[in-house]
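Observations on chain architecture
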6 protein chains.
Amino acid sequence: MRIGGRTNQELRPMKITPHYIKHAEGSVLIEVGDTKVICTATIEERVPPFMKGQGKGWVTAEYSMLPRATQVRNQREAAKGKLGGRTMEIQRLIGRALRSVVNLEALGERSITLDCDVIQADGGTRTTSITGAFVAMAFAIDKLATDKKLSKFPINDFLASVSVGVIGQTPRLDLNYEEDSHAKVDMNVVMTGQGQFVEIQGTGEDAPFSRKELDELLALAETGIHTMIEEQSNVLGPIADRIRGVHHAATK
Amino acid sequence: MRIGGRTNQELRPMKITPHYIKHAEGSVLIEVGDTKVICTATIEERVPPFMKGQGKGWVTAEYSMLPRATQVRNQREAAKGKLGGRTMEIQRLIGRALRSVVNLEALGERSITLDCDVIQADGGTRTTSITGAFVAMAFAIDKLATDKKLSKFPINDFLASVSVGVIGQTPRLDLNYEEDSHAKVDMNVVMTGQGQFVEIQGTGEDAPFSRKELDELLALAETGIHTMIEEQSNVLGPIADRIRGVHHAATK
Amino acid sequence: MRIGGRTNQELRPMKITPHYIKHAEGSVLIEVGDTKVICTATIEERVPPFMKGQGKGWVTAEYSMLPRATQVRNQREAAKGKLGGRTMEIQRLIGRALRSVVNLEALGERSITLDCDVIQADGGTRTTSITGAFVAMAFAIDKLATDKKLSKFPINDFLASVSVGVIGQTPRLDLNYEEDSHAKVDMNVVMTGQGQFVEIQGTGEDAPFSRKELDELLALAETGIHTMIEEQSNVLGPIADRIRGVHHAATK
Amino acid sequence: MRIGGRTNQELRPMKITPHYIKHAEGSVLIEVGDTKVICTATIEERVPPFMKGQGKGWVTAEYSMLPRATQVRNQREAAKGKLGGRTMEIQRLIGRALRSVVNLEALGERSITLDCDVIQADGGTRTTSITGAFVAMAFAIDKLATDKKLSKFPINDFLASVSVGVIGQTPRLDLNYEEDSHAKVDMNVVMTGQGQFVEIQGTGEDAPFSRKELDELLALAETGIHTMIEEQSNVLGPIADRIRGVHHAATK
Amino acid sequence: MRIGGRTNQELRPMKITPHYIKHAEGSVLIEVGDTKVICTATIEERVPPFMKGQGKGWVTAEYSMLPRATQVRNQREAAKGKLGGRTMEIQRLIGRALRSVVNLEALGERSITLDCDVIQADGGTRTTSITGAFVAMAFAIDKLATDKKLSKFPINDFLASVSVGVIGQTPRLDLNYEEDSHAKVDMNVVMTGQGQFVEIQGTGEDAPFSRKELDELLALAETGIHTMIEEQSNVLGPIADRIRGVHHAATK
Amino acid sequence: MRIGGRTNQELRPMKITPHYIKHAEGSVLIEVGDTKVICTATIEERVPPFMKGQGKGWVTAEYSMLPRATQVRNQREAAKGKLGGRTMEIQRLIGRALRSVVNLEALGERSITLDCDVIQADGGTRTTSITGAFVAMAFAIDKLATDKKLSKFPINDFLASVSVGVIGQTPRLDLNYEEDSHAKVDMNVVMTGQGQFVEIQGTGEDAPFSRKELDELLALAETGIHTMIEEQSNVLGPIADRIRGVHHAATK
């Protein structure tokens with residue numbers, strides 16, 4: 001039996017508190033089980049040097065954990081003087097995933113930085129960050145739209161992410177920390193509202209995995225992400241309709 | 001008139017949420033007006049190299065702000081690759097202040113790290129961190145006592161901190177960000193439950209200040225800290241009695 | 001038509017020069033098209049601190065590109081003073097992949113470091129590094145076996161890696177730099193000699209991808225990796241038989 | 001009895017050697033007892049980026065100790081690759097203190113950097129640096145005046161600094177290293193020629209201190225600083241009169 | 001007897017493979033005995049900030065060793081986060097030496113970066129780098145000439161370098177690693193095609209050396225460099241004639 | 001005519017003030033013309049890790065310039081966060097040179113660190129550092145001898161250093177900054193009391209130099225160093241006799 005009595009196909013309870021930080025253009029506190037992440041979206045009216053003069057915007061992300069988000073205190077990367085490989089990998093993933101659903105031309109020459117700060121960690125911090133950051137970004141972009149700074153709404157589709165894994169012989173959805181540390185195969189999946197893949201990162205460090213296992217894991221992920229996007233949609237309210245409108249227009 | 005209609009002698013509303021982070025030995029979310037800080041206390045059964053073999057414990061602190069705690073996003077120190085002078089100055093202050101009320105011999109050869117992470121900033125982040133960190137530390141030490149790891153309760157007295165300043169010609173208690181940026185004189189005061197000073201840091205960058213102004217500011221700070229310690233005491237409940245008991249015993 | 005006239009299902013010409021660097025315990029120069037990587041394996045009779053006293057070995061990797069491996073000179077990371085996110089991501093991937101086919105208990109408390117230095121880059125540098133590093137590692141482990149330092153041969157299976165992608169609407173095997181920079185979907189796949197997956201990293205930054213595309217890409221990768229492992233086997237000669245023997249024993 | 005037979009109210013012998021370094025626009029060697037600091041003032045015809053275009057100048061400071069300024073050799077911060085917290089705190093203090101007596105508009109868009117390098121340390125290095133840096137700065141500004149680059153003399157008042165502390169139960173002026181390491185309370189005070197406070201930094205790390213102790217310490221500091229400013233005035237000669245003239249004009 | 005049976009006056013076998021890296025403007029693989037270095041020349045149409053606007057070009061060098069170029073693996077400087085003193089010293093030497101034979105005015109406002117990456121080390125890596133980098137630079141400059149970007153050929157003379165040393169009492173030419181580690185005196189000499197000195201760096205760490213020893217070492221170096229320049233000339237073909245032509249014109 | 005009217009064969013006025021810094025085991029202020037360097041010698045009863053257990057001592061050096069030692073202020077390396085190539089090169093040279101006259105076995109398992117801090121620079125800072133550091137080291141070693149910690153005096157010979165160069169067509173001894181910046185050839189020479197060479201570093205960046213020029217420069221250097229060693233001998237008094245005694249014994 002899993003903690004909290006959930007089945008192998010079930011997500012942990014998920015809660016998104018909108019507008020959690022008053023200074024940010026968009027922000028949420030997202031909780032998935034005991035994993036809690038503050039996601040803020042910052043809009044700046046400039047783009048990084050490598051994007052200048054192309055008439056396009058940029059979306060990027062930064063990720064960090066408070067030292068005591070984890071069971072054992074981990075040293076601050078600011079104190080160590082450099083970002084670790086895991087942090088870099090995660091923030092590259094979050095940025096890449098979010099860009100996949102944003103029309104950078106429609107955003108115009110401005111940048112959005114998503115800061116994902118894990119205040120409490122219990123597995124799935126990178127996938128939770130993506131799911132939360134999407135909502136924070138949508139709030140920030142909606143503010144741009146409200147301020148009449150956009151000629152076209154630049155979000156093409158919803159985006160959410162979940163982890164799946166094989167524990168023993170059993171595929172499971174949304175692993176917590178305990179499960180994750182015993183998983184034979186571990187996979188993070190990012191999908192759109194239309195059920196397309198944006199990222200698949202599957203690793204069989206303890207043992208390689210078969211095509212059949214891969215198929216089962218992808219199916220589980222699809223169900224979980226569908227549920228998550230419904231919750232995002234509830235929190236976003238009328239903004240969700242705009243996103244659906246863009247997608248509808250784009251695929252006509 | 002001050003924001004929220006408070007008088008020059010009045011603190012902002014203050015709220016301490018205990019046990020905010022599940023993994024830490026002690027933790028609070030402290031809110032003073034719109035300033036919000038997560039304070040966690042981590043106990044480790046070892047001391048830094050320079051303290052080894054002295055039969056004494058150590059208390060230290062780290063301080064950070066989330067990038068979007070402020071009105072304009074500030075770059076992460078982890079990304080810059082080094083801690084700024086302001087951060088170092090603040091975390092040295094917090095550690096020093098907390099050590100002043102802890103009996104390091106009674107703590108035994110273990111260390112307590114207080115992590116103060118500002119998730120939203122509106123002035124007084126260093127003083128709020130001290131006030132919150134004291135409570136987180138008391139929870140963690142109480143856990144040590146409950147686990148029968150201490151022969152003597154090592155906290156001697158309460159500790160809280162507030163900022164005061166001169167705006168125009170008027171001394172004011174507990175400046176918010178807006179007030180702080182216009183203050184002619186800015187002072188942070190740390191005091192004990194018995195009304196003794198632990199730290200006074202007063203700066204007249206825009207203009208030097210007189211002895212009379214100093215006296216008025218210290219009086220304001222004393223009132224504010226008294227109120228804060230009452231609130232700490234309420235949150236700590238029976239732990240507060242133990243602290244008072246230690247102090248009573250120590251001064252007999 | 002693809003450069004060199006190859007079909008969408010075809011690998012570039014691949015060549016592995018064994019024992020390329022005289023000081024290393026194992027080494028190869030691997031060339032896949034115009035991508036050239038020197039892979040060396042270093043054996044050290046100690047493990048990293050976090051592995052000590054577990055009676056197990058460790059396998060890790062480092063990756064770098066010479067400044068002029070690329071069309072435009074890229075600044076050395078040593079000169080910048082830190083490793084970039086891309087480098088960290090790649091060297092974590094290489095190490096993780098290689099560990100998946102090594103029996104760390106059988107290796108004993110020693111470590112193998114695979115250095116993958118790209119001297120000329122034309123797409124697929126990370127997958128080529130994995131394919132070459134496997135051979136360098138096998139030479140180094142064989143040396144340990146010859147020196148009677150192992151009671152059991154610790155390599156469980158072959159391991160190779162290839163990139164696949166969607167250019168326009170067409171899935172293609174083994175992208176060169178030019179193709180990679182126009183790919184809509186980009187995927188790196190690591191597989192064993194038995195056709196199991198070790199890593200799948202698929203990204204649809206320009207556009208999300210469907211389940212059907214995923215299936216086609218995985219099928220292409222499987223074919224390519226099969227060919228690469230035949231080439232590894234030729235170069236390794238009798239060592240290849242030992243690897244097959246271990247696998248056979250392990251799966252009986 | 002104190003070393004050298006001085007009373008609790010007495011400064012150590014103080015000597016200021018003007019024009020100590022030939023290349024600098026202003027420089028002194030200041031000796032307070034066995035503490036020796038080289039202070040140089042560098043004028044540059046530009047301001048830091050955050051000050052650009054405001055028509056104002058900037059004054060900043062850097063502080064360092066030679067490795068063998070102390071009884072035990074301390075490692076160079078250049079070799080460690082970063083500035084320590086103590087160094088940052090001190091150089092921020094020196095810069096802030098000096099700015100308090102400079103009219104930045106009158107200085108014009110140029111910057112003055114005060115380098116305070118401790119060649120021999122025996123307590124009070126930060127306060128000695130402030131007292132010496134003021135004189136070096138005055139020489140440098142006088143050179144600007146002589147070169148007709150200023151329409152108005154920009155130094156408003158004298159500035160000096162001293163440490164005070166409580167040893168046992170006794171307040172003492174100008175602690176040397178030995179006394180400082182036994183002080184229960186340690187306070188650094190920066191004051192102007194008119195006897196106003198610029199900085200008060202008091203710390204009771206070993207034990208908190210009372211209002212009465214604070215008052216006694218401030219009175220001691222005032223006396224010491226008065227004497228120091230007389231000595232600065234002697235060294236500056238006619239430049240001292242210009243400073244007094246500015247102050248007189250400003251307060252009329 | 002020396003390894004390979006050579007006499008004290010003999011160089012190791014030397015081989016220069018031109019155009020070794022396809023992306024670089026000029027490149028060679030140079031082998032001197034078992035020392036192997038990839039030298040690439042990169043031309044960029046800009047100069048460093050300190051050279052701007054002078055109508056002159058710049059030549060600079062970077063030097064590195066692959067981790068397993070040596071008998072024992074050495075840690076990457078990129079992983080350590082900084083360049084070591086030995087690396088800096090060597091790359092400053094290479095750059096300085098090459099600039100001595102280039103007419104920077106004739107080069108025009110562009111820069112040439114020579115990357116010398118040692119893939120296998122057996123003594124004399126810095127001297128081999130200089131000898132190889134000269135050829136890579138000549139190829140790159142010839143490409144500029146072919147592209148009609150130069151009004152005048154900017155290389156004044158040939159340049160090569162060799163190490164010499166005293167082993168026991170005997171002066172020897174071109175030390176390998178084994179010899180170098182037993183040398184009492186170690187000297188690196190850089191000379192031009194006309195037999196003038198560009199750099200002499202002689203060190204008697206184990207014991208000082210006499211004027212007579214110095215004279216013998218310089219004579220040996222001269223012979224070795226003469227042979228090396230003949231080999232450079234063979235590899236460069238018609239470009240060698242242009243270099244000789246420039247020298248001839250310059251000295252008329 | 002040279003500044004100060006000296007001839008091409010003449011040194012600048014040189015002055016060595018012994019025991020300049022009270023905490024150090026040995027120290028001097030050395031002045032050669034307007035170049036002024038504080039040299040301190042620190043003895044520690046341990047050796048670096050790579051020297052442990054060999055029964056031998058170690059001598060090393062660090063070099064730095066105060067920011068305003070030069071005509072234009074140079075940024076602190078501590079602020080930049082890393083040592084520059086020039087600094088590393090110089091401190092390696094100083095340490096190597098000093099080790100050449102120390103019997104490391106006789107020193108015993110302890111280390112001597114020479115800190116050379118240039119407080120005012122006017123050419124020849126590295127050679128002046130060597131000449132001064134030798135005297136500081138001799139004082140520190142004499143203190144060890146006086147404390148009966150040595151069974152044998154470990155300094156074999158005197159050591160001093162000077163720069164020479166070709167200005168126009170003329171070889172000159174002991175270049176100041178102005179001369180150095182116009183020198184066609186620049187050479188630093190380190191020699192012993194017996195007139196043997198320890199280091200020769202000659203560079204012809206602007207133009208290569210002939211054998212004849214080399215000979216003239218070495219002759220000039222020899223004269224200058226002879227004079228410097230006389231001055232060292234005067235300052236060291238009876239310690240000089242011990243050094244001469246060791247040399248005499250060693251060469252019998």
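The rules behind the values
- Residues numbered from 1 in each chain as written.
- Chains lettered and ligands numbered in written order.
- Predicted model: local features only at pLDDT ≥ 70, side-chain atom pairs only at ≥ 80, totals over all residues.
- Heavy atoms only, no water.
- Least-squares fit on C-alpha atoms with pLDDT ≥ 70 in both.
- Contact = heavy atoms within 4.5 Å.
- Buried area = accessible area lost by both parts, 1.4 Å probe.
- Polar contact = N/O pair within 3.5 Å; in protein donor to acceptor, adjacent residues only side chain to side chain.
- Nonpolar A, V, L, I, M, F, W, Y, C, P; charged D, E, K, R; others polar.
- Pairing = 2+ DSSP bridges.
- Helix = DSSP H or I, 4+ residues; strand = E, 2+ residues; numbered from the N terminus.
- Axes fitted to C-alpha atoms, helices over the stretch in contact; angles between N-to-C directions.
- Salt bridge = Lys/Arg side-chain N within 4 Å of Asp/Glu carboxyl O.
- Parallel < 35°, antiparallel > 145°, perpendicular 65-115°, else oblique.
- Left-handed = near helix turned anticlockwise from the far one by under 90°.
- Buried < 20%, exposed > 50% of the residue type's maximum accessible area, 1.4 Å probe, protein only.
- UniProt positions renumbered as here; feature names shortened; annotations may be inferred.

Between the two copies, chain A and chain B, the superposition gives an RMSD of 0.0 Å; the rotation angle is 180° and the shift along the axis is 0.0 Å. When the rotation and shift are considered jointly, the pair of chain copies conforms to a two-fold rotation axis. If distances are taken from each C-alpha of chain A to the rotation axis, the shortest is found for A78(A), at 1.8 Å. Mapped onto chain B, 100% of the interface residues of chain A again fall at the interface, so both copies present the same surface.

Taken together, the contact between chain D and chain B spans 28 residues of the former and 28 residues of the latter. Both faces combined, the contact of chain D with chain B buries some 2,700 Å², and carbon together with sulfur accounts for 51% of it. Ranking the residues of chain D by area buried against chain B places E89(D), F197(D) and E205(D) at the top, with a combined share of 20%. Applying the counting rule to chain D against chain B returns 12 residue pairs in polar contact (both at pLDDT 80 or more). Each residue belonging to the side of chain D that touches chain B can be placed in one class, and the counts come to nine nonpolar, 10 polar and nine charged. In the sheet, strand β9 (residues 197-203) of chain B pairs with strand β9 (residues 197-203) of chain D via five bridges, with the strands oriented antiparallel. The residue of β9(D) that forms the bridge with E199(B) is T203(D).

As a further point, take the relation of the copies chain D and chain B. Mapping chain D onto chain B calls for a screw motion: a turn of 180° about the axis and a shift of 0.0 Å along it, with 0.0 Å RMSD after fitting. Interface residue correspondence from chain D to chain B reaches 100%, placing this contact among same-surface, isologous pairings.

What follows covers the sheet that holds strand β5 (residues 111-120) of chain A. All names here are of chain A. Taken in spatial order, the five strands of this open sheet run β1-β2-β3-β5-β4, and their pairing is mixed. On the outer flanks of this sheet lie β1 (14-18) and β4 (58-65), each paired with one strand and no other. Averaged over neighbouring strand pairs, the angle between their axes works out to 20° when direction is ignored. Sheet topology places β4 next to β5; eight bridges connect them, and they run parallel.

This next bit is on the interface of chain A and chain B. With 35 residues of chain A at the contact, the number on the chain B side is 35 residues. Both sides of the chain A and chain B interface together cover about 3,000 Å² of buried area, and 50% of this is carbon and sulfur. If you sort the residues of chain A by the area they bury against chain B, H23(A), R68(A) and R73(A) come out on top, with a joint share of 26%. Counting across the interface, chain A meets chain B through 14 salt bridges. A salt bridge links D117(B) to R76(A), with the nearest nitrogen and oxygen atoms 2.9 Å apart. For the pair chain A and chain B, the interface holds 25 residue pairs in polar contact (both at pLDDT 80 or more).

A few words now on the packing of helix α4 (residues 125-146) of chain D against helix α6 (residues 211-236) of chain D. Residues and elements named next belong to chain D. Interaxial distance between α4 and α6 falls to 11 Å at its minimum, and their mutual angle equals 25°. In this view, α4 runs roughly parallel relative to α6, as classed from their interaxial angle. As α4 runs across α6, the sense of the crossing is right-handed. Contacts between α4 and α6 involve T131, F134, V135, A138 and F139 from the first element and M228, Q232, V235 and L236 from the second.

Residues and elements named next belong to chain B. Of the strand pairs in this sheet, strand β6 (residues 159-167) and strand β7 (residues 170-173) are connected by four bridges, and their pairing is antiparallel. The partner of I167 across the bridge, within β7, is T170. Taken together, β6 and the strand that follows it, β7, pair antiparallel across an intervening segment of two residues, in which G168 is found at a positive phi of about 60°.

With antiparallel pairing, eight strands are arranged side by side in an open sheet as β7(B)-β6(B)-β8(B)-β9(B)-β9(D)-β8(D)-β6(D)-β7(D). Both edges of this open sheet fall to β7 of chain B together with β7 (170-173) of chain D, since each of them pairs with a single strand only. Taking the axes of each pair of neighbouring strands and ignoring which way they run, one obtains an average angle of 15° across the sheet. Helix α4 (residues 125-146) of chain B rests against β6, β8 (183-192) and β9 of chain B of the sheet, and its axis sits at about 165° to β6(B). Packing of helix α6 (residues 211-236) of chain B onto the sheet brings it into contact with β6, β7, β8 and β9 of chain B together with β9 of chain D, and relative to β6(B) it is tilted by some 145°.

Residue and element names in this part refer to chain B. With respect to the helices and strands, L150 occurs in the loop between α4 and β6. The buried category is assigned to L150, whose relative accessible area is 16%. Spatially, the C-alpha atom of L150 lies 6.8 Å from that of L107, the residues being 43 residues apart in sequence.

Moving on, we get to the UniProt feature "domain: Exoribonuclease phosphorolytic" (unreviewed entry) in chain A. Residue and element names in this part refer to chain A. Per the UniProt record, "domain: Exoribonuclease phosphorolytic" (unreviewed entry) is annotated on residues 10-138 and 158-223. Note that residues 10-138 is 29% helix and 31% strand, and that its end C-alpha atoms are spaced 26 Å apart. Taken as a whole, residues 158-223 contains 26% helix and 45% strand, while its terminal C-alpha atoms sit 15 Å from one another.

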